[in-house]
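Understanding the architecture of this molecule
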Amino acid sequence: MKLLTSPFTPVSICVVGSGYVGLVAAVCFAEIGHHVVCVDNDEAKVESLRAGKTPIFEKHLSELLARHLGRGLAFTTDLRTAAAESEAIFIAVGTPQSDTGAADLSYVEAVVSEIASSICGYKLIVEKSTVPVYTNEWIRRVLQRYGVSSSSFDVASNPEFLREGTAIVDFLHPDRIVIGTSSERAMDVLQRIYHPLISGSYYALPAALRGSCNRNSPPPLVATSAQSAEIIKHASNAFLALKISFINAVANLAEAVDADIEDIAAGIGLDSRIGPRFLRAGLGYGGSCFPKDLSAFHLVAQEQGVDFQLLQEARKINSAQRDRFYNKILSALWTLRGKRIAALGLAFKGDTDDIRESPAIDIVRRLLDGGASVCAYDPAAIDRSRSVLPESPQMSYARSTYEAAEDADAVIILTDWKEFAALNLARLKACLRFPIVIDGRNLYSVQTMCDAGFDYISIGRPIAASANLGHAEQIAV
Ligand code: NAD
């Protein structure tokens, strides 16, 4: 691979899709000096972005949008014009799970066929969405079918590893930048695009957002084939999901033998070969990526004749984890009908408003189906939740933890928001009908909750119980 040594030159970039990935990529490309137009076919979203409003909850997003809107950054619904005027076109539309479990690539295909009609002069098409191996090849074929000459475009894979909640900083301070292509021309354009990060020059700017990279320690570039880049993304997500399911399986064992998963996870995570991250026992993973990516990756392996049952096992453990948690609630409350439960958290994890495949939403639904009434609080995800859990006599939303807890029979913690780990426990106890906390995210130490006078049921740890839990619950939980 030829490494870029020339000075920075801005690239005209079109980002298709203004969701969690597309919007973050667009503002960050503008932040590092490029001319960016971000396209979405959702007119209302584009209108609101043009007015400087961010459709998602993400730290630093409003700040960067305000900094670049109308300068290096514009929004449009007109893909053809945006593509025609850009040198590089990043595809960042959704790749949801289809009925078969495979990734639904119809949004990607729709974008590619529209781009085909606007190719005039050289274009680099970059897959940023998470896609199965050989999607790169399919994009190439579709363009050729539409009569685009292979000399006037390249396709490259540049998977995105940002995490919702820290997406902007993750994008600007990535652990690595993966570029998959066999074309030198494509590699040259992508190196120009990432030059401010790879060279470290961005980090020397006074206004640069701070993070883990700096001028002397810029992110490494991993240059590889398109197939390898596609697999790097799927395999990374699969591995993280495996880690979560692994610790949850160990948590279940810990529970059975009266051990403590937090001590066990600390003991495992201190091994530098393993590391402490993603070893948090709890309700399991959710979100718009891990569930669908594991499923798609498993199918890719199957199609290639590779027996990758490990992935199925991780999914099985993850879904059983929700059942176990629901049973813990039942064990603590006996019956649900007529019970009032305070649910803390709706987002699939803390620091985001994303509720896609959220374990919290699933648990609340089960409680409602079981006849309980639920009052939920989440610092950011209530508006989105109203569309899937509409308000009713059974389902209500509160403006704070304490309002949700008012007169409740129990509190359940479903999302690992920092504010849920720092509650005023005396105040919480005073709000509740019974001091019962069932914690699906292990946010408190058992001792703390015991000292505060709660019956505290968590994951993979002994329960702290008082007279509120009967003998059966103390054994069954
Ligand atoms: P999203 O659903 O939030 O956003 C997708 C956007 O694309 C939407 O705004 C939609 O209106 C737009 N869109 C769909 N079809 C379009 C078309 N034909 N023309 C223009 N716009 C169109 O999705 P997301 O979470 O940003 O994910 C996008 C991709 O990135 C997925 O493949 C996902 O797996 C991957 N990814 C997501 C994350 C994450 O944390 N969300 C992280 C890494 C990778």
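Quick caveat, the model's predicted, so the values are computed rather than measured.

With that settled, consider the overall build of the protein. In terms of helices and strands, the protein carries 18 helices and 14 strands. Its C-alpha atoms put the protein at 75 × 50 × 45 Å along the principal axes. Scored against the burial criterion, the 477 residues of the protein give a buried share of 55%. Within the protein, contacts between residues separated by at least 24 positions form 70% of all contacts whose residues are at least 6 apart in sequence. For the protein, the accessible surface area stands at approximately 20300 Å², while carbon and sulfur atoms represent 53% of it.

Turning our attention to the site of the ligand. For the ligand, the set of nearby residues contains 27 residues, the closest of which are D40, K45, T95, E164 and K292. Separating a nitrogen atom of the ligand from a side-chain N or O atom of E164 is a distance of 2.8 Å. Measuring from an oxygen atom of the ligand, one finds a side-chain N or O atom of K292 at 2.6 Å. Here the ligand, which alone exposes 840 Å², has 88% of that area covered by the protein. Secondary-structure elements contributing two or more residues to the shell around the ligand are α1 (20–31) and α5 (106–116). Grouping the amino acids of the shell around the ligand by side-chain chemistry returns 10 nonpolar, nine polar and eight charged.

The next thing to look at is the domain arrangement of the protein. Per the domain assignment, the segments making up the protein are domain 1 (12–224), domain 2 (237–317) and domain 3 (321–475). For domain 2 and domain 3, the distance between their C-alpha centroids amounts to 23 Å. Taken together, the contact between domain 2 and domain 3 spans 21 residues of the former and 21 residues of the latter. Across the interface of domain 2 and domain 3, roughly 1700 Å² is buried in total on both sides, 49% from carbon and sulfur atoms. Where domain 2 meets domain 3, there are two salt bridges. In this structure, the salt-bridge partner of E255 is K328, at a minimum N-O distance of 2.9 Å. For the pair domain 2 and domain 3, the interface holds 16 residue pairs in polar contact (both at pLDDT 80 or more). Looking at the side of domain 2 that touches domain 3, the elements with two or more residues in it are α9 (226–256) and α10 (261–269). The element that contributes the greatest number of residues to the side of domain 2 that touches domain 3 is α9, accounting for five residues. Looking at the side of domain 2 that touches domain 3 residue by residue, the class counts come to nine nonpolar, seven polar and five charged.

All right, on to the packing of helix α11 (residues 290–303) against helix α12 (residues 309–333) then. Across the interface, α11 lies against α12 with an axial gap of 9 Å and an inter-helix angle of 155 degrees. One element, α11, and the other, α12, form an angle in the roughly antiparallel class. You can see that α11 and α12 cross each other, and the crossing is left-handed. Residue-level contacts link L294, S295, F297 and H298 of α11 to Q309, L311, Q312, A314 and R315 of α12. When its residues are assigned to classes, the contact of α11 with α12 shows four nonpolar, four polar and one charged.

Cut-offs used in this document
Residues numbered from 1 in each chain as written. Predicted model: local features only at pLDDT ≥ 70, side-chain atom pairs only at ≥ 80, totals over all residues. Heavy atoms only, no water. Helix = DSSP H or I, 4+ residues; strand = E, 2+ residues; numbered from the N terminus. Buried < 20%, exposed > 50% of the residue type's maximum accessible area, 1.4 Å probe, protein only. Contact = heavy atoms within 4.5 Å. Areas by Shrake-Rupley, 256 points an atom, 1.4 Å probe, with all protein chains shown as cover. Near = heavy atom within 4 Å. Polar contact = N/O pair within 3.5 Å; in protein donor to acceptor, adjacent residues only side chain to side chain. Nonpolar A, V, L, I, M, F, W, Y, C, P; charged D, E, K, R; others polar. Domains from an automatic or database assignment. Buried area = accessible area lost by both parts, 1.4 Å probe. Salt bridge = Lys/Arg side-chain N within 4 Å of Asp/Glu carboxyl O. Axes fitted to C-alpha atoms, helices over the stretch in contact; angles between N-to-C directions. Parallel < 35°, antiparallel > 145°, perpendicular 65-115°, else oblique. Left-handed = near helix turned anticlockwise from the far one by under 90°.

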